[in-house]
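So the chains spell out like this:
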Amino acid sequence: LSDVPHLCQPCLVDDECGALGVPGVCISYGDEGRFCGVECQADSDCPGDFICDASSSGEEDTTQYCVNATGTCSCSESAINDARETSCAISNEYGSCEGSRSCTSTGLSACDANTPSVEICDGIDNDCNGETDETDGSDTPTWFKDSDDDGYGDAAEAVDACDAPEGYVANA
């Protein structure tokens, strides 16, 4: 690892990975985050517990890089001293929420992303899809068009929304 001092350190961009004339890249370890790697052709090009794998540093990149064989990286003393950080995500059947994690004296912190959940009417993007309180939530009320202002709506003119649109009521 001495030839590649930043290998497996948390990163956000490629510039954080090169050192001593050795170009490095910030590669994805999936939801775990992004960590420094170097290009390789075979496992023998990588140190110790690393393998040469077709990991990705970008959307269309399929170059091979030295990656930790376990699929995880720990914080080195220099990464802890520099408080290095990386992006991360928590994903499940509801979506994927992005967050960050950093090197601390106790190691790599947990991902601080929210856990995706069913969208509900609460002013929060619960499923982390970039939309707040969309109408496919589990608690979205149905509103009915009240054309004659009698306080009762028409069941044939219904919309689902967290808040009543103008001219709509909760009773049909």
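Look above for the structure.
Summarised in this report is the structure supplied together with it. Computed from a predicted model, the values in this text were never measured in an experiment.

Here is what the cut-offs are and how they apply
Residues numbered from 1 in each chain as written. Predicted model: local features only at pLDDT ≥ 70, side-chain atom pairs only at ≥ 80, totals over all residues. Heavy atoms only, no water. Helix = DSSP H or I, 4+ residues; strand = E, 2+ residues; numbered from the N terminus. Buried < 20%, exposed > 50% of the residue type's maximum accessible area, 1.4 Å probe, protein only. Contact = heavy atoms within 4.5 Å. Areas by Shrake-Rupley, 256 points an atom, 1.4 Å probe, with all protein chains shown as cover. Disulfide = S-S within 2.5 Å. Core = buried A, V, L, I, M, F, W, Y, C linked by side-chain atoms within 4.5 Å. Pairing = 2+ DSSP bridges.

Right, let's talk about the overall build of the protein for a bit. Scanning the protein from N- to C-terminus turns up one helix and ten strands. The N-to-C order of helical and strand elements in the protein reads β-β-β-β-α-β-β-β-β-β-β. Counting every position in the protein, which comprises 172 residues, the buried fraction comes to 34%. Considering only intrachain contacts with a sequence separation of at least 6, the fraction spanning at least 24 residues in the protein is 36%. Here the protein has roughly 9,800 Å² of accessible surface; of this, 45% comes from carbon and sulfur atoms.

Time to look at the state of the cysteines. In total, this model carries nine disulfides according to the counting rule given. One disulfide in the model links Cys-8 with Cys-73; its S-S distance is 1.7 Å. An S-S torsion of about -90 degrees defines the bridge between Cys-8 and Cys-73 as left-handed. Separated by 65 residues along the polypeptide, Cys-8 in the segment before strand S1 (25-28) and Cys-73 in the loop between strand S4 (65-68) and helix H1 (77-81) bring together distant segments of the chain. In terms of burial, Cys-8 and Cys-73 fall into one category: buried. A sulfur-sulfur separation of 2.1 Å characterises the disulfide bridge that pairs Cys-46 with Cys-66. Judged by the sign of its S-S torsion, about -90 degrees, the cystine formed by Cys-46 and Cys-66 is left-handed.

What follows deals with the nonpolar core. If you look at the biggest cluster of nonpolar residues, it comprises 15 residues, and the most contacted ones within it are Ile-27, Tyr-29, Cys-46, Phe-50 and Cys-66. Of all the secondary-structure elements, those providing two or more residues to this core are S1, strand S3 (50-53) and S4.

Turning next to the pairing of S3. Covered by surrounding structure in S3 are Phe-50 and Cys-52 only, the residues Ile-51 and Asp-53 on the alternate face being uncovered. Where S3 and S4 come together, four bridges link them in antiparallel fashion. Bridging across to S4, Phe-50 finds its partner in Asn-68.

What the three strands build is an open sheet, ordered S5-S6-S7; its pairing is antiparallel. Looking along the sheet, the strands with just one partner apiece sit at the ends: strand S5 (85-92) and strand S7 (107-108). Where S5 lies against strand S6 (residues 95-104), eight bridges are found, and the strand directions are antiparallel. Within the sheet, the bridge partner assigned to Cys-88 lies in S6 and is Gly-99.

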